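Residue strings, one per chain:
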Amino acid sequence: MIDRDLIDAIHARLDECPDDWQARRELADLLEERGDLTGAACQRWMVAEGKHPYRGPVGREWWWPGCHSNCEGANRLPERVWVELPDWSERGCRRWLEAALAVALSRAGLIGQ
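Here is what the cut-offs are and how they apply
- The numbers attached to residues start from 1 for each chain and follow its sequence in the written order.
- Note on the predicted model: pLDDT of at least 70 is required for a residue's local features to be given, and 80 or more for side-chain atom pairs to be given and counted; whole-chain, interface and lining totals, by contrast, use all residues.
- Each side-chain value is worked out from all heavy atoms of the structure, with water and hydrogens disregarded.
- Helical segments are the DSSP runs of H or I of at least four residues, strand segments are the runs of E of at least two, and each set is numbered from the N terminus.
- Think of it in three bands: with a 1.4 Å probe and only protein chains considered, a residue is buried below 20% of the maximum accessible area for its type, exposed above 50%, and partly exposed in between.
- A contact between two residues is defined here by any heavy atoms of the two lying within 4.5 Å.
- Values of accessible area rely on a 1.4 Å probe in the Shrake-Rupley scheme; residue burial ignores everything except the protein chains shown.
- Put simply, a nonpolar core is a bunch of buried Ala, Val, Leu, Ile, Met, Phe, Trp, Tyr and Cys residues held in one set by side-chain atoms that sit within 4.5 Å of each other.
- Take the residue count of a helix, subtract one, and multiply by 1.5 Å to get its expected span.
- Here a polar contact is taken to be a pair of N or O atoms separated by no more than 3.5 Å, where protein atoms must pair a possible hydrogen donor with a possible acceptor and residues adjacent in sequence count only if both atoms sit in side chains.
- Salt bridges are counted wherever a side-chain nitrogen of Lys or Arg sits within 4 Å of a carboxyl oxygen of Asp or Glu.
- Lines fitted to C-alpha atoms define the axes, with helix axes restricted to the stretch in contact, and inter-axis angles between N-to-C directions lie between 0 and 180 degrees.
- In what follows, roughly perpendicular refers to angles from 65 to 115 degrees, roughly parallel to angles under 35, roughly antiparallel to angles over 145, and oblique to any angle outside these ranges.
- Crossing handedness: left-handed means the near helix sits turned counterclockwise from the far one by under a right angle, and right-handed means the same turn made clockwise.
- Any residue outside Ala, Val, Leu, Ile, Met, Phe, Trp, Tyr, Cys, Pro, Asp, Glu, Lys and Arg is labelled polar, Gly included; the first ten of those are nonpolar and the last four are charged.

Details of the overall build of the protein chain
Part 1: For the protein chain, the count of helices and strands is 5 helices and 3 strands.
Part 2: Listing the helices and strands of the protein chain from first to last along the sequence gives α-α-α-β-β-α-β-α.
Part 3: Counting the 113 residues in the protein chain, one finds 45% classified as buried.
Part 4: The long-range share in the protein chain, meaning contacts at least 24 apart out of those at least 6 apart in sequence, stands at 47%.
Part 5: Accessible area of the protein chain: about 6200 Å², with a carbon and sulfur share of 48%.

Notes on the nonpolar core
Part 1: Grouped together as the largest cluster of nonpolar side chains are 15 residues, with contacts concentrated most on C42, W45, W64, L77, L101 and L105.
Part 2: Taken together, the elements giving at least two residues each to this core come down to α3 (37–49) and α5 (94–107).
Part 3: Residues L14, L30, L31 and A40 belong to the second largest nonpolar core, which totals 9 residues.

Topic: the environment of L31
Part 1: The topology assignment puts L31 in helix α2 (residues 21–34).
Part 2: Note: C-alpha distance between L31 and Q43 (12 residues apart in sequence) is 9.2 Å.
Part 3: Filtering out sequence-adjacent residues up to four positions away, L31 remains in contact with D36, G39, A40 and Q43.

Description of α2
Part 1: Across its 14 residues, α2 extends 20 Å between first and last C-alpha, which sits within 8% of the 20 Å expected from 1.5 Å per residue.
Part 2: Three or more residues of α2 are buried, namely A23, R24, L27, A28, L30 and L31.
Part 3: Looking at the buried residues of α2, the elements they touch are α1 (4–16), α3 and α5.
Part 4: In this structure D20 caps α2, since a side-chain oxygen of it lies 3.3 Å from the backbone nitrogen of Q22.

Examining the pattern of salt bridges
Part 1: Counting across every chain of the model gives 8 salt bridges.
Part 2: A salt bridge links R13 to D20, with the nearest nitrogen and oxygen atoms 2.7 Å apart.
Part 3: Exposure remark for D20: the relative accessible area of 15% places this residue in the buried category.
Part 4: Ionic pairing is found between E32 and R44, a salt bridge with its closest N-O pair at 3.0 Å. Of this pair, E32 sits in helix α2 while R44 sits in helix α3, and the two are 12 residues apart along the sequence.
Part 5: Classification of E32 by relative accessible area gives partly exposed; the value is 40%.
Part 6: Here the residues in one salt-bridge network are D15, R24, R94 and E98, joined through shared partners.

Looking at the packing of α1 against α2
Part 1: Two numbers describe how α1 lies on α2: the axes approach to 10 Å, and their chain directions differ by 150°. Between α1 and α2, the angle falls in the class roughly antiparallel. Note on packing geometry: the crossing formed by α1 with α2 is left-handed. The residues of α2 that touch α1, namely those facing R4, L6, I7, I10, H11, R13 and L14, are A23, R24, E26, L27, L30 and R34.
Part 2: Among the residues making up the contact of α1 with α2, the classes are represented as 7 nonpolar, 1 polar and 5 charged.

Read these as geometric descriptors, not functional statements.
Have a look at this one:
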């Protein structure tokens, strides 16, 4: 059985340090063990591509820089992924945006469903 507290602790770490690639690898393994194959594949894609949601300098709001955005160039999503993001996913909490990314990656055919 997967320890939900451990998953929550990893998410708390990623809220503070979204580019902790080792934490993302560990989260991917835990999600896979839990049967969330899409979530696991999404975390692995972010590690492989070096991408994570961006947190603005003011407040705690997170977002995905779009393919034509001038901010955080390394975190910009490819256009084929950006266009597949669900309408509700422009801004929000990091976990929510990563769930939206999983949907977009699946729609774009970059990860399995």
